[in-house]
Amino acid sequence: MNYKKIFISFFAGALALSLAACSGEEKAKKDEASEEQVHVDEIQAKLAEQQVDKNDIVAVVNNEEINGERYNAVLMSIQTHMQQTGQDPSSKEAAEQIKAQTLDTLVNQTLLLQQAKTEEINASQDEIEAEYEAYVQQFGDEKTLEEALKQENMDVDNLKEQISEFITSNKYQEKIAPAEDVSDETIEEYYEQLVAQTEDGEQELPPLEELSEKIKQIIQQEEQQKKLVAHIEKLKEDAKIELKI
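Reading the values: rules and limits
Residues numbered from 1 in each chain as written. Predicted model: local features only at pLDDT ≥ 70, side-chain atom pairs only at ≥ 80, totals over all residues. Heavy atoms only, no water. UniProt positions renumbered as here; feature names shortened; annotations may be inferred. Helix = DSSP H or I, 4+ residues; strand = E, 2+ residues; numbered from the N terminus. Axes fitted to C-alpha atoms, helices over the stretch in contact; angles between N-to-C directions. Parallel < 35°, antiparallel > 145°, perpendicular 65-115°, else oblique. Contact = heavy atoms within 4.5 Å. Nonpolar A, V, L, I, M, F, W, Y, C, P; charged D, E, K, R; others polar. Expected span 1.5 Å × (residues − 1). Bend = angle between axes of the 7 residues up to and from the residue. Buried < 20%, exposed > 50% of the residue type's maximum accessible area, 1.4 Å probe, protein only. Salt bridge = Lys/Arg side-chain N within 4 Å of Asp/Glu carboxyl O. Polar contact = N/O pair within 3.5 Å; in protein donor to acceptor, adjacent residues only side chain to side chain. Pairing = 2+ DSSP bridges. Phe/Tyr/Trp six-rings, centres within 6.5 Å; stacked < 30°, edge-to-face > 60°. Lys NZ or Arg CZ within 6 Å of the ring centre and 35° of its normal.

Identification of the protein chain as peptidylprolyl isomerase from Sporosarcina ureilytica is taken from an unreviewed UniProt entry. Recorded in UniProt under Catalytic activity (unreviewed entry), the annotation for the protein chain is "[protein]-peptidylproline (omega=180) = [protein]-peptidylproline (omega=0)".

Structure below.
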């Protein structure tokens, strides 16, 4: 879900009310705010141009079609991440990068879900409802969540379907790339590398005892990621993949 888009829509409305109440003495501030909003609107327009029709078929993976609705959802997520990390997702170069990353993400997700289905791995109704309830709590109540979903052209059924896919994918990933134990020696070596990297800086690292568990988690995640990437590449070798855009 594109939370930034929801925020910008709210911000634009609040800004309009604020500008209407400005006095002549605040004209400079009003003009500055107006220019900023124009800039935001221009960026959002460029980002919207990267989307495709929701009914278009953007890729076919092992005879399973991926439509524009799924493409746009991943696209907006990547756009938002780039904005949050200080990158400009609206440039021509970025648009090509985002398109390639979006298609690759969708293909990877589809391959993992197809394999999970083959191995009869799925999300239970209780798991889906528990995750959905977490969303409700995050938004305060169900009505507020539904309004937020509506702004994203989604409904509760769409959200629960995505939750189901997320849980299923995670279960499968845990099966093919489980977290392995990490030795104390490996943790110490990792810590020493961090110390070496920060020797010339002003910030001093906390002692190993405080960072040990966090370092262990990082190493486990890195190893799991390597296994997952290798597994996906193997699935791609055996798959029939057609990109339509």
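Caption draft 1: Spatial organisation of the UniProt feature "coiled-coil region" (unreviewed entry) in the protein chain. Within this structure's numbering, the places UniProt gives as "coiled-coil region" (unreviewed entry) are residues 208-238. The distance from the first to the last C-alpha atom of residues 208-238 is 44 Å, and the span holds 97% helix and 0% strand.

Caption draft 2: Region of interest: the packing of helix α4 (residues 92-118) against helix α9 (residues 208-237). Orientation of α4 relative to α9, taken along the N-to-C sense of each, is 85°, at an axis distance of 10 Å. Judged by the angle between their axes, α4 and α9 are roughly perpendicular. Contacts from Asp104, Val107, Asn108, Leu111, Leu112 and Gln115 of α4 reach α9 at Leu228, His231, Ile232, Leu235 and Lys236. Split by residue class, the contact of α4 with α9 holds six nonpolar, three polar and two charged.

Caption draft 3: Up close: the packing of helix α8 (residues 184-198) against α9. Viewed as axis vectors pointing N to C, α8 and α9 meet at an angle of 105°, and their least axial separation amounts to 9 Å. Judged on the interaxial angle alone, α9 and α8 are roughly perpendicular. Of α9, the residues touching α8 (which contributes Thr186, Ile187, Glu188, Tyr190, Tyr191 and Leu194) are Leu208, Leu211, Ser212, Ile215, Lys216, Ile218, Ile219 and Glu222. Classifying every residue of the contact of α8 with α9 by side-chain character gives nine nonpolar, two polar and three charged.

Caption draft 4: Representation of α9. Helix length check: α9, at 30 residues, gives a terminal C-alpha distance of 42 Å against a target of 44 Å (1.5 Å per residue), a fit within 8%. Roughly 30° is the biggest bend found in α9, and it falls at Lys214. Every buried residue of α9 is listed here: Leu211, Ile215, Ile219, Gln220, Leu228, Ile232 and Leu235. For α9, the elements touching its buried residues are α4, α7 (156-176) and α8.

Caption draft 5: A look at the pattern of salt bridges. Summed over the entire model, instances satisfying the criterion amount to 11 salt bridges. Glu64 is paired through a salt bridge with Arg70; the nearest N and O atoms lie 4.0 Å apart. The closest approach of N and O atoms between Asp104 and Lys236, which form a salt bridge, is 2.7 Å. Taken together, the residues span a long stretch of sequence, with Asp104 in helix α4 and Lys236 in helix α9 at a distance of 132 residues. By relative accessible area, Asp104 is classed as partly exposed at 35%.

Caption draft 6: Structural context of the side chain of Thr168. Structurally, Thr168 is set in helix α7. Assessed through its relative accessible area of 8%, Thr168 is described here as buried. At 3.3 Å, the side chain of Thr168 forms a polar contact with the backbone nitrogen of Ala123. Leave out the neighbours within four places in its chain, and Thr168 touches Leu113, Ala116, Ile121, Asn122 and Ala123.

Caption draft 7: Here's a closer look at the pairing of strand β2 (residues 64-67). Relative to β2, strand β1 (residues 57-61) runs antiparallel, the two sharing four bridges. If you follow Val60 over to β2, its bridge partner there is Glu65. Two successive antiparallel strands, β1 and β2, enclose a turn made up of two residues, where Asn62 displays a positive phi of approximately 50°.

Caption draft 8: How the structure looks around the packing of aromatic side chains. Under the defined criterion, the tally for this structure stands at zero aromatic pairs. The cationic tip of Lys160 hangs over the ring face of Tyr132; the distance from NZ or CZ to the ring centre is 4.7 Å.

Caption draft 9: Expanded view of the sheet that holds β2. An order of β2-β1-β3 is seen for the three strands of this open sheet, with the pairing classed as antiparallel. In this open sheet, the two strands that pair with only one neighbour each are β2 and β3 (241-243). Each adjacent strand pair in this sheet contributes to an overall mean axis angle of 20°, direction not counted. In terms of strand pairing, β1 meets β3 through three bridges, oriented antiparallel. Within the sheet, the bridge partner assigned to Ala59 lies in β3 and is Leu243. Packing against the sheet, helix α3 (residues 68-84) makes contact with β1 and β2, and its axis sits at approximately 55° to β2. Along the sheet, α4 makes contact with β1, β2 and β3, crossing β1 at roughly 40°.

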